[in-house]
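Observations on chain architecture
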Amino acid sequence: MITRTKLFLFALTGFSSAALAAADLTLWYEHPAKPEACMNEALPVGNGRIGGLVLGGLSTERVVLNEDSLWTGDENPSGNYETMGAYQVLGDLVIHLPGHDAATGYHRELELADAVAAVSYQFEGVHYRREYFCSQPAQVLVVRLTADKLGAYTGSLELNDSHQGKLLAVKNRLTFSGALDNQLQYEAQLLALNEGGSLQESGGKLEFKGCNSLTLLLAAGTDYVMDYAKKYRGEPPHARVTRQLDAAAAKSCDALKAGHLKDYQLLFNRVSLDLGQTPTERAGQPTDKRKVEAAKGGDPGLEALLFQYGRYLLISCSRPGSLPANLQGLWNDSNNPPWHCDYHANINVQMNYWPAEPANLSECHLPFFDLLCSQLESWRKATQAAREFRTPSGKTRGFALRTSHGIHGDMGWKWDKTANAWYCLHLWEHYAFTSDRHYLEKVAYPILKETCQFWQDHLKELPDGRLVVPMAWSPEHGPTEDGVSYSQQIIWDLFANYVEASETLKLDKDYRARIASLQEKLAGPKIGKRGQLQEWMTDRDDPNDHHRHTSHLFAVYPGRQINIAQTPELAEAAKKSLEARGDTGDVREWSFAWRTALWARLRDGETAHRQILHLLADRNTCPNLFGLHPPMQMDGNFGITAGMCEMLLQSHAGELALLPALPSAWPAGSVKGLHARGNFTVDINWKDGKVTQYRIASPQPGTVDVRVNGEVKSVKSQRGEAS
Ligand code: FUC
């Protein structure tokens with residue numbers, strides 16, 4: 001008989017990737033997106049910087065175009081939300097194909113495995129197909145129109161600027177360019193290449209006749225740079241955009257696609273997930289219909305698709321050198337978008353980046369840090385000028401954040417005082433997962449230290465000696481007062497991470513001791529009269545209050561002050577609070593993603609899974625699977641991927657916990673390539689709710705405690721990256 005231990009030793013060497021079933025990775029529909037529901041139905045493509053929303057129309061196809069730096073706004077010293085910058089739409093590409101409305105056999109899809117959207121149909125005996133992808137290496141959006149009959153394409157092309165700039169049509173190239181009120185210069189160029197037939201400029205459009213196929217290439221840019229010293233302005237975009245477009249035009253469409261696939265799949269293929277088989281008749285439904293049923297349960301394939309969609313979206317809107325994902329990722333169709341399509345610092349932008357490390361997309365985290373570094377000088381200035389942050393010495397160290405910010409140093413709405421420390425958690429986590437010491441020393445550490453200094457100057461001492469964050473707000477809930485749990489927990493976390501960072505780097509021994517002593521004096525989490533984790537210092541939590549935010553549970557997730565093993569009473573109290581918050585009323589979209597991660601950390605897989613189903617409901621997820629917080633928000637998409645990672649693997653409490661919150665809905669499955677703190681990559685197979693095989697790899701073999709099927713064992717990792 002093989003003992004359990006022997007089975008695991010075998011597992012370490014005997015893991016076979018052939019055991020992994022191919023996951024369902026396609027979103028598909030039987031009709032075009034409705035123009036009035038573009039944000040909810042169109043399919044997104046993107047290369048981190050340029051984004052397209054493909055509506056898939058027949059006689060009129062429209063692709064909404066975005067460029068991630070097209071923002072209004074300036075430094076906005078008043079902090080007034082009304083005058084803060086807003087993310088804008090670049091414009092749209094319109095393809096007219098007269099008569100094609102009479103098509104049959106329509107199919108529109110987004111294939112996550114290769115990041116290509118496609119539309120196909122039959123019309124007058126001809127099979128038509130259009131493909132759309134956004135290449136990161138070539139920095140262009142590519143649209144390829146093909147048909148199975150020669151000379152089938154007759155129609156016209158338009159390129160529209162959403163700000164009525166200057167339009168130019170020369171030969172086979174359409175260009176628009178202009179400047180926003182803040183003098184941000186922008187430009188887009190479309191080049192149309194036809195095979196067979198003819199193509200010519202006419203009245204500002206390109207008309208084509210009898211073409212066998214067409215390739216459309218779009219390049220776009222602005223003169224924005226993430227550099228305060230340059231007042232956020234660099235080279236005018238014209239030469240760069242022209243160069244990018246000409247370079248792309250010199251390649252064949254096949255070569256562009258091959259370059260795109262190679263680049264994209266390097267990231268996407270790091271993780272595969274199989275949560276079990278969905279019955280064929282359900283799996284064969286178009287995504288919008290399938291989603292309605294999936295919200296009632298029984299569709300593990302769609303749940304795995306939702307997980308991978310979050311990864312797809314992050315890869316498509318957040319790449320080194322690009323701006324980070326905003327409230328709508330990269331995809332916006334309004335010049336007056338809700339909440340300015342901004343960076344919201346009290347949960348939303350953080351949630352955008354929750355999956356970056358555990359879902360093995362570490363480099364997609366970098367744009368967030370780049371933006372943060374580029375805004376620091378403006379934020380310091382605003383903080384120094386603010387009445388709220390005056391100190392007795394007259395000196396203000398560090399920076400604070402208002403709830404909302406843009407990309408020109410502008411902030412708006414109320415101060416979210418501890419958002420500075422929450423951003424620091426991301427800096428720390430990037431190190432914790434990658435073990436990149438150079439990054440820790442050069443980028444993360446100075447900002448962590450500066451933020452500690454800010455809080456050293458601003459914590460208030462109570463008569464009993466405890467330290468509290470003065471006059472703060474549990475986001476969007478309750479009064480502004482001293483010592484709200486959200487703020488206390490975030491500062492605890494900042495201090496813990498700073499101490500670890502300075503120990504790792506062997507720097508600032510005395511200052512480390514100072515911060516450690518402040519951490520000890522922080523007013524800590526309290527259990528209230530109903531056994532709940534208090535949201536405020538006063539025990540006034542209302543069990544009938546189903547607010548969407550779960551700010552006082554930060555310490556459970558994404559923080560690490562409370563966990564089942566080391567602080568069981570507090571974990572129990574957190575559970576009570578979470579139960580009381582419930583899943584009705586005000587709770588929606590991103591709230592369910594956060595609740596998934598929280599229940600996972602509290603090791604309740606069934607309730608965690610229920611949150612995924614709530615998120616899939618029509619009220620919270622659109623037909624294109626974007627999070628629905630009108631018109632849409634992308635935080636829920638990213639957050640659910642992170643929450644599902646927590647159900648499968650946890651590494652925040654000094655060990656790797658395999659399948660810590662596996663629901664009965666996923667009795668058998670496999671995951672490959674999840675990332676854990678300590679730079680470990682983990683593959684797991686399971687059956688009947690139990691781990692059957694696992695593999696742990698790291699660039700440098702190391703020993704790690706692994707919790708598996710209720711036992712903790714010390715395991716030596718194999719040498720290697722993602723398998
Ligand atoms: C926070 C949330 C809202 C919304 C907004 C963009 O303020 O409370 O629900 O997501 O961000």
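The structure this text deals with has already been given above.
A brief report on the enclosed structure follows. Worth saying up front: this structure is predicted, and the values here are computed from it rather than measured. (Residues numbered from 1 in each chain as written. Predicted model: local features only at pLDDT ≥ 70, side-chain atom pairs only at ≥ 80, totals over all residues. Heavy atoms only, no water.)

**Section: the site of the ligand**
Taken together, L327, W339, H344, N346, N348, E476, R548, H549, W590, H629 and Q633 make up the full set of residues adjacent to the ligand. With respect to the ligand, the side chain of H344 contributes an N or O atom lying 3.4 Å from an oxygen atom. In this structure, H549 approaches the ligand through a side-chain N or O atom, which is 2.7 Å from an oxygen atom. Bound to the protein, the ligand loses 98% of the 290 Å² it would expose on its own. Of the residues belonging to the shell around the ligand, the class tally is three nonpolar, six polar and two charged. (Near = heavy atom within 4 Å. Polar contact = N/O pair within 3.5 Å; in protein donor to acceptor, adjacent residues only side chain to side chain. Areas by Shrake-Rupley, 256 points an atom, 1.4 Å probe, with all protein chains shown as cover. Nonpolar A, V, L, I, M, F, W, Y, C, P; charged D, E, K, R; others polar.)

**Re the packing of helix 4 (residues 253-268) against helix 7 (residues 300-317)**
Relative orientation of the contacting elements helix 4 and helix 7 amounts to 130°, with a least axis distance of 10 Å. Between helix 4 and helix 7, the angle is such that the two are oblique. Crossing handedness for the pair helix 4 and helix 7: right-handed. Facing helix 4, whose interface residues are Y264, L267 and F268, helix 7 presents Q308, R311, Y312 and I315. In the contact of helix 4 with helix 7, the residues fall into five nonpolar, one polar and one charged. (Axes fitted to C-alpha atoms, helices over the stretch in contact; angles between N-to-C directions. Helix = DSSP H or I, 4+ residues; strand = E, 2+ residues; numbered from the N terminus. Parallel < 35°, antiparallel > 145°, perpendicular 65-115°, else oblique. Left-handed = near helix turned anticlockwise from the far one by under 90°. Contact = heavy atoms within 4.5 Å.)

**Digging into unusual backbone geometry**
Residue P558 is bonded to the preceding Y557 through a cis peptide linkage, with omega at 10°. Topologically, P558 is positioned in the loop between helix 13 (509-521) and helix 14 (568-581). A cis geometry characterises the amide bond from P630 onward to P631, with omega recorded as -5°. You will see that K231, though not glycine, has its phi angle at about 55°, which is positive. Here K231 is to be found in the loop between strand 16 (213-222) and helix 3 (237-249).

**Some remarks on the sheet that holds strand 2 (residues 43-46)**
Strand order in the open sheet made by the seven strands is 2-3-4-5-10-15-14, with antiparallel pairing throughout. Each edge of the sheet is formed by a strand with only one pairing partner; in this case those strands are strand 2 and strand 14 (198-202). Recorded for the sheet is a direction-independent mean angle of 20° between the axes of neighbouring strands. Summarising the sheet, strand 4 (residues 60-67) and strand 5 (residues 91-96) pair through six bridges and their orientation is antiparallel. Bridge pairing in strand 5 links V63 to L93. (Pairing = 2+ DSSP bridges.)

Functional significance is not addressed by these values, which are geometric in nature.
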